[in-house]
Amino acid sequence: MIFLQPIEVKPGIYWVGGIDWNVRYFHGYVTPQGSTYNSYLIVDDKITLVDTVKHYLADEMLSRIRTIVNPEKIDYLVVNHVELDHSGGVPKIMEVASNAKIVTTPNGKKGLEMHFKQDWEYVLVKTGDELKIGSHTMKFVQTPMVHWPDNMVTYIPEAKLLLSNDAFGQHIASTERFVDELGWDVVHEAAASYYANIVFPYGDQVNKALDVVETLPIEMIAPSHGLIWRSFFPELIKEYRKWASNETERKALIVYDTMYGSTKEMAYALREGIEDSGVPVTMKFLQADHISQIVPELLTAKLVLVGTPTINNGMLPNVASFLTYIKGLRPKKRIGFAFGSYGWGGQGARNVASVLQEMGWEIPEEVVNIQYVPGKADLDSLREKGRKLVEAIK
Ligand code: FEO
(Lines give C-alpha, C1' and ligand atoms only; values in the text may rest on other atoms or scores of the structure.)
Protein backbone atom coordinates (compact mmCIF):
# COMPACT_ATOMS: atom_id res chain seq x y z
CA MET A 1 0.00 0.00 0.00
CA ILE A 2 1.27 3.50 -0.84
CA PHE A 3 1.10 6.04 1.95
CA LEU A 4 0.91 9.70 1.00
CA GLN A 5 2.83 11.77 3.47
CA PRO A 6 1.45 14.21 6.03
CA ILE A 7 3.32 17.40 6.98
CA GLU A 8 3.83 18.21 10.67
CA VAL A 9 3.00 21.92 10.86
CA LYS A 10 3.35 22.21 14.66
CA PRO A 11 4.40 19.57 17.19
CA GLY A 12 1.67 16.91 17.12
CA ILE A 13 -0.39 18.78 14.50
CA TYR A 14 -0.33 17.50 10.92
CA TRP A 15 -1.60 18.66 7.55
CA VAL A 16 -3.38 15.61 6.12
CA GLY A 17 -5.35 17.19 3.26
CA GLY A 18 -5.84 16.44 -0.40
CA ILE A 19 -4.25 18.15 -3.40
CA ASP A 20 -6.64 18.73 -6.30
CA TRP A 21 -4.23 19.15 -9.18
CA ASN A 22 -6.99 19.02 -11.81
CA VAL A 23 -9.82 21.23 -10.55
CA ARG A 24 -10.31 24.09 -13.03
CA TYR A 25 -13.84 25.22 -12.21
CA PHE A 26 -15.08 26.06 -8.74
CA HIS A 27 -18.76 27.11 -8.78
CA GLY A 28 -18.22 29.64 -11.52
CA TYR A 29 -14.64 30.52 -10.59
CA VAL A 30 -11.91 29.20 -12.89
CA THR A 31 -8.93 27.84 -10.97
CA PRO A 32 -6.00 27.45 -13.39
CA GLN A 33 -3.65 26.52 -10.54
CA GLY A 34 -5.92 23.83 -9.04
CA SER A 35 -6.53 23.83 -5.29
CA THR A 36 -6.09 21.91 -2.06
CA TYR A 37 -8.55 20.95 0.65
CA ASN A 38 -6.66 21.13 3.91
CA SER A 39 -7.43 18.86 6.86
CA TYR A 40 -5.48 18.95 10.08
CA LEU A 41 -4.94 16.06 12.50
CA ILE A 42 -4.13 16.79 16.13
CA VAL A 43 -2.60 13.80 17.92
CA ASP A 44 -3.37 14.13 21.59
CA ASP A 45 -5.29 12.22 24.30
CA LYS A 46 -8.27 12.62 22.01
CA ILE A 47 -7.36 12.26 18.35
CA THR A 48 -8.99 15.15 16.54
CA LEU A 49 -9.40 15.83 12.83
CA VAL A 50 -10.30 19.33 11.71
CA ASP A 51 -12.19 19.47 8.39
CA THR A 52 -12.07 16.96 5.55
CA VAL A 53 -11.71 17.15 1.77
CA LYS A 54 -13.81 16.78 -1.38
CA HIS A 55 -15.28 13.29 -1.53
CA TYR A 56 -12.96 12.08 -4.28
CA LEU A 57 -9.87 12.91 -2.21
CA ALA A 58 -11.06 11.18 1.00
CA ASP A 59 -8.79 8.17 0.37
CA GLU A 60 -5.81 10.49 -0.12
CA MET A 61 -6.60 12.15 3.23
CA LEU A 62 -7.03 8.76 4.94
CA SER A 63 -3.74 7.57 3.48
CA ARG A 64 -1.92 10.52 5.05
CA ILE A 65 -3.72 9.96 8.39
CA ARG A 66 -2.75 6.26 8.40
CA THR A 67 0.95 7.11 8.42
CA ILE A 68 0.37 8.76 11.82
CA VAL A 69 -2.52 6.95 13.54
CA ASN A 70 -5.14 4.36 12.81
CA PRO A 71 -8.08 6.54 11.62
CA GLU A 72 -10.46 4.28 13.55
CA LYS A 73 -9.08 5.96 16.65
CA ILE A 74 -10.28 9.47 15.70
CA ASP A 75 -12.37 10.78 18.61
CA TYR A 76 -13.51 14.14 17.26
CA LEU A 77 -14.14 15.51 13.80
CA VAL A 78 -14.36 19.29 13.88
CA VAL A 79 -16.44 20.60 10.97
CA ASN A 80 -15.70 24.31 10.60
CA HIS A 81 -17.80 24.56 7.43
CA VAL A 82 -20.26 22.24 5.70
CA GLU A 83 -19.63 23.21 2.06
CA LEU A 84 -18.86 19.98 0.23
CA ASP A 85 -15.26 20.84 -0.62
CA HIS A 86 -14.59 20.42 3.12
CA SER A 87 -17.35 18.07 4.22
CA GLY A 88 -17.34 15.68 1.26
CA GLY A 89 -15.03 13.34 3.19
CA VAL A 90 -17.13 13.39 6.38
CA PRO A 91 -19.16 10.22 5.56
CA LYS A 92 -15.98 8.24 4.89
CA ILE A 93 -14.32 9.40 8.11
CA MET A 94 -17.47 8.65 10.13
CA GLU A 95 -17.66 5.20 8.55
CA VAL A 96 -14.04 4.43 9.47
CA ALA A 97 -14.04 6.21 12.85
CA SER A 98 -17.40 4.88 13.94
CA ASN A 99 -17.07 6.20 17.52
CA ALA A 100 -16.14 9.74 16.52
CA LYS A 101 -18.27 12.73 17.45
CA ILE A 102 -18.73 15.67 15.12
CA VAL A 103 -17.95 19.05 16.66
CA THR A 104 -19.73 21.86 14.84
CA THR A 105 -22.12 24.80 15.19
CA PRO A 106 -25.92 24.34 15.24
CA ASN A 107 -25.98 25.57 11.63
CA GLY A 108 -23.19 23.11 10.82
CA LYS A 109 -25.26 20.23 12.21
CA LYS A 110 -28.29 21.32 10.17
CA GLY A 111 -26.16 21.53 7.04
CA LEU A 112 -24.56 18.12 7.56
CA GLU A 113 -27.95 16.52 8.20
CA MET A 114 -29.37 18.02 5.03
CA HIS A 115 -26.36 17.01 2.97
CA PHE A 116 -25.81 13.47 4.26
CA LYS A 117 -29.07 12.29 5.98
CA GLN A 118 -27.03 10.45 8.62
CA ASP A 119 -27.66 10.05 12.33
CA TRP A 120 -24.23 11.01 13.66
CA GLU A 121 -23.35 12.03 17.22
CA TYR A 122 -22.69 15.75 17.63
CA VAL A 123 -21.05 18.13 20.07
CA LEU A 124 -22.56 21.55 19.34
CA VAL A 125 -20.38 24.59 19.93
CA LYS A 126 -20.61 28.37 19.68
CA THR A 127 -18.23 31.29 19.98
CA GLY A 128 -16.24 31.09 23.21
CA ASP A 129 -16.68 27.36 23.72
CA GLU A 130 -13.61 25.23 24.33
CA LEU A 131 -12.87 21.55 23.94
CA LYS A 132 -9.89 20.15 25.83
CA ILE A 133 -8.38 17.20 23.96
CA GLY A 134 -5.30 16.65 26.18
CA SER A 135 -2.44 19.10 25.98
CA HIS A 136 -4.28 21.08 23.31
CA THR A 137 -7.45 23.15 23.61
CA MET A 138 -9.78 23.75 20.68
CA LYS A 139 -11.38 27.20 20.98
CA PHE A 140 -14.20 28.00 18.61
CA VAL A 141 -15.19 31.31 17.04
CA GLN A 142 -18.24 31.47 14.80
CA THR A 143 -17.71 33.53 11.64
CA PRO A 144 -21.19 33.47 10.08
CA MET A 145 -21.36 34.48 6.42
CA VAL A 146 -17.62 34.26 5.91
CA HIS A 147 -18.99 32.92 3.70
CA TRP A 148 -21.84 30.54 4.74
CA PRO A 149 -24.11 30.73 7.81
CA ASP A 150 -22.35 27.76 9.45
CA ASN A 151 -18.76 29.01 9.21
CA MET A 152 -16.50 28.95 12.23
CA VAL A 153 -12.78 28.93 12.86
CA THR A 154 -10.85 26.89 15.41
CA TYR A 155 -8.01 28.34 17.46
CA ILE A 156 -5.47 26.23 19.35
CA PRO A 157 -3.86 28.57 21.91
CA GLU A 158 -1.06 26.18 22.96
CA ALA A 159 0.17 26.19 19.33
CA LYS A 160 -0.85 29.79 18.60
CA LEU A 161 -2.50 28.25 15.55
CA LEU A 162 -5.65 29.48 13.81
CA LEU A 163 -7.42 26.93 11.62
CA SER A 164 -9.26 29.52 9.57
CA ASN A 165 -11.13 27.35 7.04
CA ASP A 166 -12.01 29.38 3.90
CA ALA A 167 -10.69 32.67 5.31
CA PHE A 168 -7.15 33.48 4.11
CA GLY A 169 -7.29 30.61 1.58
CA GLN A 170 -6.07 30.51 -2.00
CA HIS A 171 -6.71 28.14 -4.87
CA ILE A 172 -3.25 26.76 -5.51
CA ALA A 173 -2.23 23.12 -5.88
CA SER A 174 1.44 22.76 -5.03
CA THR A 175 3.98 20.52 -3.35
CA GLU A 176 4.86 23.46 -1.08
CA ARG A 177 2.71 23.77 2.03
CA PHE A 178 3.82 27.17 3.38
CA VAL A 179 3.35 30.61 1.87
CA ASP A 180 7.00 31.54 2.42
CA GLU A 181 8.06 28.58 0.27
CA LEU A 182 6.22 30.00 -2.75
CA GLY A 183 6.63 33.68 -1.88
CA TRP A 184 4.33 36.57 -1.01
CA ASP A 185 3.79 37.78 -4.59
CA VAL A 186 2.50 34.45 -5.92
CA VAL A 187 0.32 33.67 -2.92
CA HIS A 188 -0.92 37.23 -2.50
CA GLU A 189 -2.20 37.23 -6.09
CA ALA A 190 -4.03 33.94 -5.51
CA ALA A 191 -5.37 35.15 -2.13
CA ALA A 192 -6.72 38.32 -3.77
CA SER A 193 -8.39 36.31 -6.52
CA TYR A 194 -9.88 33.97 -3.90
CA TYR A 195 -11.16 36.90 -1.83
CA ALA A 196 -12.65 38.62 -4.90
CA ASN A 197 -14.44 35.50 -6.11
CA ILE A 198 -15.53 33.93 -2.81
CA VAL A 199 -15.51 36.39 0.09
CA PHE A 200 -16.13 39.79 -1.57
CA PRO A 201 -19.85 40.09 -0.62
CA TYR A 202 -19.18 39.67 3.10
CA GLY A 203 -16.89 42.59 3.95
CA ASP A 204 -18.76 43.61 7.11
CA GLN A 205 -18.61 40.07 8.47
CA VAL A 206 -14.93 39.79 7.51
CA ASN A 207 -14.12 42.96 9.42
CA LYS A 208 -15.91 41.54 12.50
CA ALA A 209 -13.93 38.28 12.18
CA LEU A 210 -10.68 40.26 11.82
CA ASP A 211 -11.51 42.14 15.04
CA VAL A 212 -11.47 38.78 16.84
CA VAL A 213 -8.44 37.41 14.99
CA GLU A 214 -6.41 40.48 15.90
CA THR A 215 -6.91 39.77 19.62
CA LEU A 216 -5.34 36.30 19.33
CA PRO A 217 -1.62 35.56 19.64
CA ILE A 218 -0.96 33.85 16.31
CA GLU A 219 2.13 32.11 14.95
CA MET A 220 0.36 30.29 12.14
CA ILE A 221 -2.82 30.64 10.10
CA ALA A 222 -3.76 27.39 8.43
CA PRO A 223 -6.62 27.82 5.95
CA SER A 224 -8.58 25.06 4.25
CA HIS A 225 -7.31 25.92 0.76
CA GLY A 226 -3.79 26.44 -0.48
CA LEU A 227 -0.74 27.46 1.47
CA ILE A 228 -0.31 27.90 5.24
CA TRP A 229 0.72 31.30 6.61
CA ARG A 230 3.58 31.33 9.13
CA SER A 231 4.78 34.79 8.05
CA PHE A 232 3.40 37.93 6.38
CA PHE A 233 0.62 38.35 9.02
CA PRO A 234 0.64 42.19 9.05
CA GLU A 235 0.58 42.28 5.24
CA LEU A 236 -2.19 39.69 5.05
CA ILE A 237 -4.42 41.35 7.65
CA LYS A 238 -3.85 44.77 6.03
CA GLU A 239 -4.93 43.42 2.64
CA TYR A 240 -8.02 41.70 4.12
CA ARG A 241 -8.99 44.93 5.93
CA LYS A 242 -8.61 46.89 2.71
CA TRP A 243 -10.66 44.44 0.64
CA ALA A 244 -13.33 44.06 3.33
CA SER A 245 -13.69 47.83 3.64
CA ASN A 246 -13.93 48.39 -0.15
CA GLU A 247 -10.87 50.61 -0.06
CA THR A 248 -9.85 51.14 -3.65
CA GLU A 249 -6.91 52.67 -5.50
CA ARG A 250 -6.82 55.52 -7.99
CA LYS A 251 -6.96 53.29 -11.02
CA ALA A 252 -9.44 52.28 -13.71
CA LEU A 253 -10.76 49.01 -15.09
CA ILE A 254 -12.38 48.89 -18.54
CA VAL A 255 -14.40 45.73 -19.23
CA TYR A 256 -15.99 45.31 -22.65
CA ASP A 257 -17.18 43.03 -25.39
CA THR A 258 -17.50 43.97 -29.03
CA MET A 259 -19.22 42.72 -32.21
CA TYR A 260 -17.40 44.42 -35.10
CA GLY A 261 -14.83 46.48 -33.18
CA SER A 262 -16.73 49.74 -32.52
CA THR A 263 -17.15 49.23 -28.77
CA LYS A 264 -13.52 48.13 -28.60
CA GLU A 265 -12.43 51.35 -30.34
CA MET A 266 -14.51 53.33 -27.86
CA ALA A 267 -12.89 51.43 -24.96
CA TYR A 268 -9.40 52.29 -26.19
CA ALA A 269 -10.28 55.97 -26.70
CA LEU A 270 -11.59 56.14 -23.11
CA ARG A 271 -8.39 54.45 -21.96
CA GLU A 272 -6.28 57.11 -23.70
CA GLY A 273 -8.16 59.90 -21.98
CA ILE A 274 -7.84 58.27 -18.56
CA GLU A 275 -4.17 57.39 -18.93
CA ASP A 276 -3.50 60.89 -20.29
CA SER A 277 -4.76 62.15 -16.92
CA GLY A 278 -2.26 60.00 -15.05
CA VAL A 279 -4.49 57.15 -13.96
CA PRO A 280 -3.45 53.58 -14.85
CA VAL A 281 -6.01 51.51 -16.77
CA THR A 282 -6.49 47.75 -16.97
CA MET A 283 -8.27 46.57 -20.12
CA LYS A 284 -10.34 43.38 -19.93
CA PHE A 285 -11.92 41.94 -23.07
CA LEU A 286 -14.69 39.52 -22.13
CA GLN A 287 -13.87 37.18 -25.03
CA ALA A 288 -10.29 36.85 -23.73
CA ASP A 289 -10.70 36.64 -19.96
CA HIS A 290 -13.14 34.67 -17.84
CA ILE A 291 -15.27 36.84 -15.56
CA SER A 292 -13.68 35.29 -12.48
CA GLN A 293 -10.26 36.38 -13.76
CA ILE A 294 -11.48 39.96 -14.10
CA VAL A 295 -12.93 40.46 -10.60
CA PRO A 296 -9.54 40.56 -8.83
CA GLU A 297 -8.98 43.84 -10.73
CA LEU A 298 -12.35 45.04 -9.46
CA LEU A 299 -11.15 44.48 -5.91
CA THR A 300 -8.92 47.55 -6.07
CA ALA A 301 -10.13 49.70 -9.01
CA LYS A 302 -12.07 52.84 -8.12
CA LEU A 303 -13.28 53.65 -11.64
CA VAL A 304 -15.03 50.87 -13.58
CA LEU A 305 -16.14 51.31 -17.20
CA VAL A 306 -18.31 48.68 -18.87
CA GLY A 307 -18.93 48.62 -22.61
CA THR A 308 -21.28 46.63 -24.80
CA PRO A 309 -22.83 46.88 -28.24
CA THR A 310 -26.60 46.52 -28.40
CA ILE A 311 -27.96 43.20 -29.60
CA ASN A 312 -31.60 42.13 -29.62
CA ASN A 313 -32.56 45.19 -27.53
CA GLY A 314 -30.00 44.40 -24.83
CA MET A 315 -26.34 43.85 -24.00
CA LEU A 316 -24.08 41.06 -25.25
CA PRO A 317 -24.38 37.86 -23.16
CA ASN A 318 -20.75 38.07 -21.95
CA VAL A 319 -21.45 41.51 -20.50
CA ALA A 320 -24.69 40.32 -18.89
CA SER A 321 -22.78 37.41 -17.36
CA PHE A 322 -20.10 39.74 -15.97
CA LEU A 323 -22.70 42.10 -14.48
CA THR A 324 -24.70 39.24 -12.95
CA TYR A 325 -21.52 37.92 -11.35
CA ILE A 326 -20.34 41.24 -9.92
CA LYS A 327 -23.83 42.17 -8.73
CA GLY A 328 -23.67 39.09 -6.52
CA LEU A 329 -20.19 40.04 -5.28
CA ARG A 330 -21.54 43.46 -4.20
CA PRO A 331 -18.51 45.73 -4.67
CA LYS A 332 -19.24 49.12 -3.11
CA LYS A 333 -17.91 52.68 -3.36
CA ARG A 334 -17.06 52.44 -7.07
CA ILE A 335 -17.55 55.00 -9.80
CA GLY A 336 -19.14 53.50 -12.90
CA PHE A 337 -19.57 54.43 -16.54
CA ALA A 338 -21.38 52.65 -19.40
CA PHE A 339 -20.71 52.94 -23.10
CA GLY A 340 -21.25 51.10 -26.36
CA SER A 341 -22.15 51.13 -30.02
CA TYR A 342 -25.51 50.31 -31.55
CA GLY A 343 -27.29 50.03 -34.88
CA TRP A 344 -30.72 51.13 -33.71
CA GLY A 345 -32.20 51.27 -30.24
CA GLY A 346 -29.07 51.51 -28.04
CA GLN A 347 -30.54 49.70 -25.05
CA GLY A 348 -27.35 47.67 -24.36
CA ALA A 349 -25.23 50.40 -22.79
CA ARG A 350 -28.29 51.98 -21.13
CA ASN A 351 -29.10 48.65 -19.46
CA VAL A 352 -25.49 48.40 -18.27
CA ALA A 353 -25.82 51.84 -16.65
CA SER A 354 -29.02 50.71 -14.90
CA VAL A 355 -27.26 47.71 -13.37
CA LEU A 356 -24.32 49.83 -12.18
CA GLN A 357 -26.83 52.22 -10.60
CA GLU A 358 -28.69 49.34 -8.94
CA MET A 359 -25.39 48.35 -7.31
CA GLY A 360 -25.29 51.78 -5.69
CA TRP A 361 -22.32 53.02 -7.68
CA GLU A 362 -21.86 56.69 -8.41
CA ILE A 363 -22.45 57.41 -12.12
CA PRO A 364 -21.08 60.94 -12.73
CA GLU A 365 -21.30 60.87 -16.54
CA GLU A 366 -24.17 59.98 -18.88
CA VAL A 367 -24.03 56.82 -21.00
CA VAL A 368 -22.21 57.27 -24.32
CA ASN A 369 -23.90 55.42 -27.19
CA ILE A 370 -22.47 55.70 -30.71
CA GLN A 371 -24.38 54.56 -33.78
CA TYR A 372 -22.57 51.93 -35.88
CA VAL A 373 -18.96 53.17 -36.02
CA PRO A 374 -17.27 55.97 -34.04
CA GLY A 375 -15.74 58.78 -36.10
CA LYS A 376 -12.76 60.97 -35.22
CA ALA A 377 -14.93 63.51 -33.37
CA ASP A 378 -16.59 60.70 -31.39
CA LEU A 379 -13.23 59.29 -30.35
CA ASP A 380 -11.93 62.74 -29.36
CA SER A 381 -15.06 63.21 -27.30
CA LEU A 382 -14.50 59.82 -25.62
CA ARG A 383 -10.91 60.81 -24.76
CA GLU A 384 -12.35 63.94 -23.16
CA LYS A 385 -14.91 61.79 -21.32
CA GLY A 386 -12.03 59.71 -19.94
CA ARG A 387 -10.40 62.86 -18.60
CA LYS A 388 -13.69 63.95 -16.99
CA LEU A 389 -14.11 60.57 -15.32
CA VAL A 390 -10.67 60.95 -13.79
CA GLU A 391 -11.84 64.21 -12.22
CA ALA A 392 -14.56 62.19 -10.45
CA ILE A 393 -11.97 60.08 -8.61
CA LYS A 394 -9.78 62.94 -7.46
FE1 FEO B 1 -13.91 26.08 0.61
FE2 FEO B 1 -16.89 27.53 1.44
O3 FEO B 1 -15.74 26.17 0.96
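Each chain has its residues counted from 1, following the order in which its sequence is written. Only residues with pLDDT of at least 70 get local features here, since the model is predicted, and only at 80 or more are side-chain atom pairs given and counted; chain-wide, interface and lining totals rely on the full set of residues. Each side-chain value is worked out from all heavy atoms of the structure, with water and hydrogens disregarded.

(A) How the structure looks around the domain arrangement of the protein. Where each domain starts and ends comes from a domain assignment, either automatic or drawn from a database. Parsing the protein into structural domains produces domain 1 (7–244) and domain 2 (253–391). Counting residues at the interface gives 14 residues for domain 1, matched by 14 residues for domain 2. With both sides pooled, the region where domain 1 packs onto domain 2 buries about 1,200 Å², and carbon together with sulfur makes up 64% of that total. The three residues of domain 1 that bury the most area against domain 2 are Asn197, Phe200 and Pro201, which together make up 46% of that side's buried surface. Salt bridge, as applied in this entry: a Lys or Arg side-chain nitrogen positioned within 4 Å of an Asp or Glu carboxyl oxygen. Summed over the shared surface of domain 1 and domain 2, the result is zero salt bridges. In the analysis that follows, any N or O atom pair within 3.5 Å is treated as a polar contact, provided that within protein one partner can donate a hydrogen and the other can accept it, and provided that, for residues neighboring in sequence, both atoms belong to side chains. Where domain 1 touches domain 2, the interface holds four residue pairs in polar contact (both at pLDDT 80 or more). The secondary structure listing takes helices from DSSP runs of H or I that are at least 4 residues long and strands from runs of E that are at least 2 residues long, numbered from the N terminus. Elements supplying a minimum of two residues to the side of domain 1 that touches domain 2: β5 (29–30), α6 (184–199) and α8 (233–244). It is α6 that contributes the most residues to the side of domain 1 that touches domain 2, five residues altogether. Of the residues assigned to the side of domain 1 that touches domain 2, the class counts are 10 nonpolar, three polar and one charged. In what follows, residue pairs with any heavy atoms lying within 4.5 Å of each other are defined as contacts. When two parts are brought into contact, each loses some accessible area as probed by a 1.4 Å sphere; the total of that loss over both is the buried area. When residue character is reported, Ala, Val, Leu, Ile, Met, Phe, Trp, Tyr, Cys and Pro are called nonpolar, Asp, Glu, Lys and Arg charged, and the others, Gly included, polar.

(B) How the structure looks around the packing of aromatic side chains. Centres within 6.5 Å make a pair out of two Phe, Tyr or Trp rings, where for Trp the six-membered ring is used; the pair is then stacked when the planes are under 30 degrees apart, edge-to-face when over 60, and tilted otherwise. Within this structure, the stated rule accounts for 11 aromatic pairs. Measuring from ring centre to ring centre gives 5.3 Å for Tyr195 and Trp243, while their planes differ by 45°; the resulting arrangement is tilted. With Tyr195 in helix α6 and Trp243 in helix α8, the pair connects residues that are 48 residues apart, well separated along the chain. In this structure Trp243 comes out as buried when scored by relative accessible area, which is 3%. Pairwise contacts between aromatic rings join Phe168, Tyr195, Phe200, Tyr240 and Trp243 into one cluster. In this structure, Lys109 is placed above the aromatic ring of Tyr122, and the distance from its NZ or CZ to the ring centre is 5.4 Å. Placement of a positive charge over a ring is assigned whenever Lys NZ or Arg CZ falls within 6 Å of the ring centre and within 35 degrees of the normal to the ring plane. Against the face of Phe178 rests Arg230, its NZ or CZ located 3.8 Å from the ring centre. Accessibility here uses a 1.4 Å probe with only protein chains present; expressed as a share of the type maximum, an area under 20% marks a residue as buried, one over 50% as exposed, and anything in between as partly exposed.

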